[in-house]
Amino acid sequence: MARSAMEITEEFLSDDPKKWGKLASDITYRRLELLLLREILIKLKRLNPGNPD
């Protein structure tokens, strides 16, 4: 079962700026961004089903 965007981001939340700096340069972070954008697009499409792609 696919995890929600909230669940995906939970493990990356941190107050440590060093962790964010390291994460920003990591390919995993780029993949996470794409996954989050995809989730946002899916939610928007569900909210507006009459709008053609």
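Residues numbered from 1 in each chain as written. Predicted model: local features only at pLDDT ≥ 70, side-chain atom pairs only at ≥ 80, totals over all residues. Heavy atoms only, no water.

**Q** Just to check I follow, could you spell out the overall build of the protein for this structure?
**A** In terms of regular secondary structure, the protein is built from 3 helices and 0 strands. In the protein, the succession of helices and strands from N to C terminus is α-α-α. In the structure as shown, the protein presents an accessible area of about 4900 Å², 61% of it carried by carbon and sulfur atoms. (Helix = DSSP H or I, 4+ residues; strand = E, 2+ residues; numbered from the N terminus. Areas by Shrake-Rupley, 256 points an atom, 1.4 Å probe, with all protein chains shown as cover.)

**Q** Quick question: what am I supposed to make of the environment of Leu36 here?
**A** Relative to the assigned elements, Leu36 resides in helix 3 (residues 27-47). Between the alpha carbons of Leu36 and Ser4 there is a distance of 9.0 Å; along the sequence they are 32 residues apart.

**Q** What exactly am I supposed to notice about the confidence of the model for the protein here?
**A** Parts of the prediction with low pLDDT should not have their coordinates interpreted in detail. With 68% of its residues at a pLDDT of 70 or more, the protein has an overall mean of 75. Of all helices and strands in the protein, the one with the weakest mean pLDDT is helix 2 (residues 17-24) (69), whereas helix 3 scores best (84). (pLDDT = per-residue confidence, 0-100.)

**Q** Even after reading the chapter, I still don't get a nonpolar patch on the surface, so can you show me in this structure?
**A** Together, Leu34, Leu37, Ile40, Leu41, Leu44 and Leu47 give the surface a local cluster of nonpolar side chains, amounting to about 660 Å² of exposed area. Inspection of the secondary structure puts Ile40 in helix 3. Look at Ile40 and you get partly exposed, because its relative accessible area is 46%. (Patch = residues over 30% accessible without salt bridge, like charges linked within 9 Å, V, L, I, M, F, W, Y side chains within 5 Å. Salt bridge = Lys/Arg side-chain N within 4 Å of Asp/Glu carboxyl O. Buried < 20%, exposed > 50% of the residue type's maximum accessible area, 1.4 Å probe, protein only.)

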